[in-house]
Amino acid sequence: SQYSAVDTNPLSVYIMQPIWNKIIKIVPLWIAPNLLTFSGFVMILVNYFLISFYDWDYTASGTSPGLVPTWVWLFSAFTTFCAYALDSIDGKHARRTQSGTPLGELFDHGLDSWATSIFVLSFFSVCSRDNGKTGVSVYTMYIYLSIVLFNFMCSHWEKYNTGVLFLPWGYDISQVVLIAAYLLTGAVGVEVWQKPFLFGYYITDALVILLIGFSLFLSFPQTLYNIHRAHLKKTLKNDSLYEGLLPLVSPFLLFVLLTVWVVFSPGNILAKQPRLFLWMVGVAFSNVTCKVIVCQMSSTRPELFHWFLFPLALVVYAAISGLLGWMEEAVLAVFTALVTAAHVHYGVCVGRQLSEHLNIYIFSLKKRVQE
């Protein structure tokens, strides 16, 4: 299918696009677009693990500010900008080198679906978790992450139904806000997040309110409106309501299962291991979303129940029934490792199958020799 995306965000159109058009001229023509996409993702990962090293349990900024060195925040701003730039120019570079393929589209959106959660998880280190005085509770973090992932999912669900990807306005705004937040933290220190700045509200409160406002009152209604318009124009990909809603079943059940675990965990798993748990949430959502992206690109039907739901349901049942007892954290760690390995394996397999099918290399513009 021909890739079509629409970007109407003034920040993107008038400010960022001209910058990307300048940057793209520096990129050598022999570099494969997927290499740009992947480099950006690797930078996000390196940054995430660096922050995790200094702040495993999200307390560094709150209880002992200064535990995370200033250079780490500045490095975060730098990597976030680079990843944002690379993610924005990979498509332009593909058109420039006439190497745009469905593999590139899937590679780009698939990695974005994972990067989305990693951006959010890195940012939580800036605000730190609730310590009675300042910070954000781990439950707020979980809801916040879920809303961001729901937003991402929506734009691909919309494309599944309309055939057009309307780039959400929130994307450019969130990237610019993230970079600014890291620079501010590097310049002033994490204390800036722990002082009320307006009417007794903290900056973090304002960001949470902004995010929820953007998602529920801008992005989501826009998605429904675009689907409604396609319905009126008779350009919808799916005739029945059942077909149209099918991709949302697995993400919804995934969210329900995870929320049941969070709320009914006897050992309060989210408070004990927020970083592990939220990482697992991000990976699981990414895999579910990737399946939807593949279905949407290949015009196939998504399955009703994603296979992750079955082992997850078992683990959740064992945890909340008290079967796991003191082993709950260990089981979470093993489950997280398995889910992550399965997701990476899935990505590698799909990439290899597509590269063989389309007769191209993933990270090189050289043509494959026909066997």
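Residues numbered from 1 in each chain as written. Predicted model: local features only at pLDDT ≥ 70, side-chain atom pairs only at ≥ 80, totals over all residues. Heavy atoms only, no water.

- As recorded in an unreviewed UniProt entry, the protein goes by Ethanolaminephosphotransferase 1 and comes from Sagittarius serpentarius.
- According to its UniProt record, the protein has this under Subcellular location (unreviewed entry): "Endoplasmic reticulum membrane". (UniProt positions renumbered as here; feature names shortened; annotations may be inferred.)

## Section: helix α1 (residues 10–23)
Okay, step 1: Spanning 14 residues, α1 covers 19 Å between terminal C-alpha atoms, matching the ideal 20 Å at 1.5 Å per step.
Okay, step 2: For α1, the principal kink sits at M16 and spans about 45°; a proline, P18, occurs within the next four residues.
Okay, step 3: Lining the buried residues of α1 we find α4 (70–96) and α7 (169–188).
Okay, step 4: Its side-chain oxygen placed 3.1 Å from the backbone nitrogen of L11, N9 serves as the N-cap of α1. (Helix = DSSP H or I, 4+ residues; strand = E, 2+ residues; numbered from the N terminus. Expected span 1.5 Å × (residues − 1). Bend = angle between axes of the 7 residues up to and from the residue. Contact = heavy atoms within 4.5 Å. Polar contact = N/O pair within 3.5 Å; in protein donor to acceptor, adjacent residues only side chain to side chain.)

## With respect to unusual backbone geometry
Okay, step 1: One non-glycine residue, S128, lies in the positive phi region at around 65°.
Okay, step 2: S128 gets classed as buried once you look at its relative accessible area, which sits at 0%.
Okay, step 3: The backbone phi angle of N268 is positive, close to 50°, even though this residue is not glycine.
Okay, step 4: Its place among the elements puts N268 in the loop between α9 (241–264) and α10 (269–272).
Okay, step 5: Classification of N268 by relative accessible area gives partly exposed; the value is 31%. (Buried < 20%, exposed > 50% of the residue type's maximum accessible area, 1.4 Å probe, protein only.)

## A word on the pattern of salt bridges
Okay, step 1: In the structure shown here, the tally under the stated rule is two salt bridges.
Okay, step 2: E105 is the partner of K159 in a salt bridge, and the nearest nitrogen-oxygen pair spans 2.8 Å. Placement of the pair is K159 in helix α6 (residues 138–162) and E105 in helix α5 (residues 102–127), with a sequence separation of 54 residues.
Okay, step 3: Residue E243 is joined to R301 by a salt bridge in which the shortest nitrogen-to-oxygen separation is 3.3 Å. Here E243 is found in helix α9, whereas its partner R301 is found in the loop between α11 (274–298) and α12 (309–320), with 58 residues between them in sequence.
Okay, step 4: A relative accessible area of 19% means that E243 is categorised as buried.
Okay, step 5: Judged by relative accessible area, R301 falls into the exposed class, the value being 51%. (Salt bridge = Lys/Arg side-chain N within 4 Å of Asp/Glu carboxyl O.)

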